[in-house]
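Observations on the model geometry
The residues making up each chain are set out below.
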Amino acid sequence: MRILVLLKAVPVVGTERLDDALRTDRSVALEANGNDEYVLEAALKLTEAHGGEVTLLSVGPPGAMDPLRKALAMGATRAVHVADEAMRGSCYVGTARVLEAALRRLEYDLVFAGADTSDGQGGVIAPALAARLGLPYLSYASRIEPAPDGRTVTIRRLRPGGYDVLEAPMPALVMGTQVLGEPRYPSLRGIMQARNKEIRTWTLADLGLDARSVGAGAATTRVLRAEPPAQRAGATIIREAPETAVAQVIDLLAARRLI
Amino acid sequence: MTIVSPVAGGLADEERLLQETVRDFARREVAPGVGERDETEQFDRVLFTKMGELGLTAVPFSEEVGGAGFGYRAWTLVMEEMGYADMAMAVALSVHVLSQSPVIRWGTQEQKERWLPEMLTGTCLGAFALTEPHAGSDAAALRLRATPAGSPVAPTYHLQGSKVWITNAPDADRYLVFATVDPAAGPRGITAFLVERGTPGFRFGRKERKLGIRSSSACELLFEGAEVPAANRLGEEGQGYRIALSALAEGRISIAAACTGLAQAALDAAARYLTERTAFGRPLAEQQGLRFMLAEMAQKVAIARAMTRAAAEAKDRGESIGEASSLAKWTASDAAMAVTTDAVQLFGGYGYSREFPVERMMRDAKGAQIYEGTNQIHRLIVADQVLKRVTGESQH
């Protein structure tokens, strides 16, 4: 089974900042988007159980190499990195266009995507890709089970109060949730083995895309303003012994009419 | 969370990923229970098994013998992260690695195949048994006696005597034990043996009750005619002292790295506290006198890290590490002691309380000035090397 995992390199959570154009600054240290690591874990477990290989696909700046190396050390077979300065400032449509072009050049039975990203939170790339490629779209998966004959895939889709069981023919695109299971640590031996794994780098030209069809110039939306959240009042830290501290916390809450 | 030091650069990609992975593991799996383990003085075997599954027990060994294939500089990154999260667990890991590296260097093919797989995966826990009641710094004076026995077809040695302060011993499965086949021969009589837990005539004595690293277990070993197959002799008779010294030189770099991590943890804790705590209407961090203290703590951590890295890089280049490893261990353990003590001072009353971690860090630091060669022994080693460069011969 060939599983393709979409992996986005995002700024290390907690260090996000905006660049001069009010876009997420990606020149900082990047890590794999947390949700993407959950679907990577599911992909690794499936190929370990049923055989096959896991290919990573990432669109992003040179800093994406670090999270890709980590994902290879976790056990992925190879990585494809689409990097091109002309993509900077792409909107969701532009990003989906690049990923679609890359997916058309790759072989897979299943495409896995995380629920959303810590720096974008649009959650639209996966369904957009399914629509553009004509793939069945299975969302909010908490369990993924390919049929033994390799023709269909069954998932549990989370819904309020329970789950639905869905089936679709392969190839299909599955958007997974954190219920799939905690991602593993890269094994230390895996880190060394990852040095010899293939990381293919593609440009827009390699994908046959016109640079003018993506990037800031082709963006369908633009950011007018970016506002920080309203400043919260300073935290009060109580460091007394528990018996004193409890009384102080009660007083504080009572003073604010919260109890 | 570890605050990345500005001098942490210059690492290979795989070393950075190793560092990040171990930091993540140490923060999520090791740090949370550190206070409780210290209070209960319990070694956490389940946690050690997890460390083995991750591959921590195989880091500095070549892929040919089943290791992860990293160099010793990479190993110092692991030990620094472990020391940051829990000095006691760092010491347990360091000793485990110390107990198997001589098997890789001096073992026969048969011994390597029999001994290493479970050690490299952390399925078995190792201990390194050199120290005796009357032979600490003067290790060559050890008295544990190994007497040839058995039959010509099944030769053995009888071990008679005792060891003390053997880290990991109460929980270990395999022991690298140093004994003498000829007490009159001094260092030239010392011989190394691989001894398994459960060997008849080999049992545990009193558990050591320590000031710090309390969740790293240590105890006395009692050998009462324990019979060890000659096939378990590591190297030749009389080679044991060389085996011990070469392992200890590596172990010192490892402990130096753990001390650097411990010192960094105390520095980070103190820096955070100075920004949170106010006195006289402003944060402590605005008091110049305290800023000076913090800066001097940071200076000591940076020196410890630099000297540790220098020693590890010398080992990776295949150079002699006697002097460099002594300098690193002495410097880093003194740095850990000074920085943790200053951290307690900066925390004031809270620093003296067992409710806050810097008190444990200060206790954990002290031992490192004593074990793996006291810092006074390291001064002798360094002085000997300095004089040797002048006179061309050893003065000691």
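Some words on the environment of glycine 114 of chain A
Residue and element names in this part refer to chain A.
- Among the structural elements, glycine 114 can be located in strand β6 (residues 110-114).
- A relative accessible area of 11% means that glycine 114 is categorised as buried.
- Along the primary structure glycine 114 and lysine 8 are separated by 106 residues, whereas in three dimensions their C-alpha atoms are 9.1 Å apart.
- Excluding residues that lie within four positions of it along the chain, glycine 114 makes contacts with Asn35, Asp36, Val39, Met175 and Gly176.

Looking at helix α9 (residues 322-347) of chain B
- In a regular helix each residue adds 1.5 Å, so 26 residues correspond to 38 Å; α9 of chain B covers 37 Å between its end C-alpha atoms and thus fits that length.
- Following α9 of chain B by one or two positions, glycine 348 of chain B has its phi on the positive side, about 60°.

Examining the state of the cysteines
- Using the criterion set out here, one finds zero disulfides over all chains in the structure.
- Its sulfur unpaired, cysteine 219 of chain B is 17 Å from the next cysteine sulfur, which belongs to cysteine 124 of chain B.

Thoughts on the sheet that holds strand β5 (residues 78-82) of chain A
Residue and element names in this part refer to chain A.
- In spatial order, the strands read β9-β8-β7-β10-β6-β1-β4-β5-β11; together these nine strands make up an open sheet with mixed pairing. For this open sheet the edge positions go to β9 (162-169) and β11 (199-202), each flanked by a neighbour on one side alone. The average undirected angle you get between the axes of adjacent strands in this sheet is 35°.
- Helix α3 (residues 92-104) rests against β1 (2-6), β4 (53-59), β5, β6 and β11 of the sheet, and its axis sits at about 150° to β4.

A look at the pattern of salt bridges
- Evaluation of the coordinates by the stated rule reveals 49 salt bridges over all chains.
- Notably, a salt bridge pairs glutamate 41 of chain A with arginine 184 of chain A, separated by 2.9 Å at the nearest N-O pair. One end of the pair, glutamate 41 of chain A, is in helix α1 (residues 34-50); the other, arginine 184 of chain A, is in the loop between β10 (172-176) and α5 (188-193), with 143 residues separating them in the sequence.
- Under the relative-accessibility criterion, glutamate 41 of chain A is labelled buried at 4%.
- Arginine 184 of chain A gets classed as partly exposed once you look at its relative accessible area, which sits at 25%.
- The closest approach of N and O atoms between glutamate 227 of chain A and arginine 225 of chain A, which form a salt bridge, is 3.2 Å.
- A residue is classified by how much of its surface remains accessible, and arginine 225 of chain A, at 63% relative accessible area, is exposed.
- Within the structure, one salt-bridge network assembled from shared partners comprises Asp38, Glu41, Arg214, Glu359 and Arg363 of chain B.

A few points about the side chain of threonine 76 of chain B
- Mapping threonine 76 of chain B onto the fold places it in helix α4 (residues 72-85).
- Discounting residues that sit within four places of it in the chain, threonine 76 of chain B has contacts with Ile253, Ala257, Thr308, Arg309 and Ala312 of chain B.

Some details on the domain arrangement of chain B
Residue and element names in this part refer to chain B.
- The domains assigned to chain B are domain 1 (13-125), domain 2 (127-241) and domain 3 (249-388).
- Each of domain 1 and domain 2 has a C-alpha centre, and the two are 23 Å apart.
- Counting residues at the interface gives 29 residues for domain 1, matched by 25 residues for domain 2.
- Note on domain 1 versus domain 2: buried area summed over both sides is about 2,400 Å², and carbon and sulfur give 57% of it.
- Considering only the side of domain 1, the residues that lose the most area to domain 2 are Glu41, Trp115 and Leu125, jointly responsible for 27% of the buried surface there.
- Applying the counting rule to domain 1 against domain 2 returns four salt bridges.
- Between glutamate 118 and arginine 174 there is a salt bridge, with the nearest N and O atoms lying 3.6 Å from each other.

Some remarks on the nonpolar core
- Ranked by internal contacts, the top residues of the largest apolar core, which has 160 residues, are Leu56, Phe112 and Ile144 of chain A together with Leu56, Phe128, Leu159 and Phe178 of chain B.
- Looking at which element gives the most residues to this core, the answer is helix α7 (residues 240-276) of chain B, with 20 residues.
- Those residues in contact with leucine 56 of chain B that lie beyond four places of it in its chain are Leu188 of chain A together with Val22, Phe25, Met51, Trp75, Val78, Met82 and Leu93 of chain B.
- Among the nonpolar cores identified, the runner-up in size contains 28 residues, and Leu4, Leu57, Val82 and Leu173 of chain A belong to it.

Let's talk about unusual backbone geometry
- For the bond running from methionine 170 of chain A to proline 171 of chain A, omega is 5°, close enough to zero to count as cis.
- Unlike most non-glycine residues, isoleucine 213 of chain B shows phi in positive territory, near 35°.
- With respect to the helices and strands, isoleucine 213 of chain B occurs in the loop between β6 (202-207) and β7 (218-229).
- Of the residues examined, isoleucine 213 of chain B reaches a relative accessible area of 7% and is grouped as buried.

As for a nonpolar patch on the surface
- A cluster of nonpolar side chains, namely Val246, Val249, Ile250, Leu253, Leu258 and Ile259 of chain A, defines an oily patch on the protein surface of about 530 Å² accessible area.
- Following the sequence through the fold, leucine 253 of chain A ends up in helix α6 (residues 242-255).

Brief notes about the side chain of arginine 214 of chain B
Residue and element names in this part refer to chain B.
- Tracing the chain through its elements places arginine 214 in the loop between β6 and β7.
- Polar contacts involving the side chain of arginine 214 include one to the main-chain carbonyl oxygen of aspartate 38, which spans 3.2 Å.
- With near-sequence residues (within four places) excluded, arginine 214 lies in contact with Asp38, Glu39, Glu41, Arg363 and Asp364.

What about the interface of chain A and chain B?
- Listed as interface residues are 15 residues of chain A and, on the opposing side, 26 residues of chain B.
- Both sides of the chain A and chain B interface together cover about 1,800 Å² of buried area, and 58% of this is carbon and sulfur.
- When the buried surface of chain A facing chain B is broken down by residue, Tyr185, Leu188 and Arg239 of chain A rank first, second and third, together holding 44% of it.
- Glutamate 14 of chain B is the partner of arginine 195 of chain A in a salt bridge, and the nearest nitrogen-oxygen pair spans 3.3 Å.
- Viewed at the interface, chain B and chain A are joined by eight residue pairs in polar contact (both at pLDDT 80 or more).
- Contributing elements (two or more residues each) for the side of chain A that touches chain B: α2 (65-74) and α5 of chain A.
- For the side of chain A that touches chain B, the residue count by class is seven nonpolar, one polar and seven charged.

So, how was this worked out
- Residues numbered from 1 in each chain as written.
- Chains lettered and ligands numbered in written order.
- Predicted model: local features only at pLDDT ≥ 70, side-chain atom pairs only at ≥ 80, totals over all residues.
- Heavy atoms only, no water.
- Helix = DSSP H or I, 4+ residues; strand = E, 2+ residues; numbered from the N terminus.
- Buried < 20%, exposed > 50% of the residue type's maximum accessible area, 1.4 Å probe, protein only.
- Contact = heavy atoms within 4.5 Å.
- Expected span 1.5 Å × (residues − 1).
- Disulfide = S-S within 2.5 Å.
- Pairing = 2+ DSSP bridges.
- Axes fitted to C-alpha atoms, helices over the stretch in contact; angles between N-to-C directions.
- Salt bridge = Lys/Arg side-chain N within 4 Å of Asp/Glu carboxyl O.
- Domains from an automatic or database assignment.
- Buried area = accessible area lost by both parts, 1.4 Å probe.
- Core = buried A, V, L, I, M, F, W, Y, C linked by side-chain atoms within 4.5 Å.
- Patch = residues over 30% accessible without salt bridge, like charges linked within 9 Å, V, L, I, M, F, W, Y side chains within 5 Å.
- Areas by Shrake-Rupley, 256 points an atom, 1.4 Å probe, with all protein chains shown as cover.
- Polar contact = N/O pair within 3.5 Å; in protein donor to acceptor, adjacent residues only side chain to side chain.
- Nonpolar A, V, L, I, M, F, W, Y, C, P; charged D, E, K, R; others polar.

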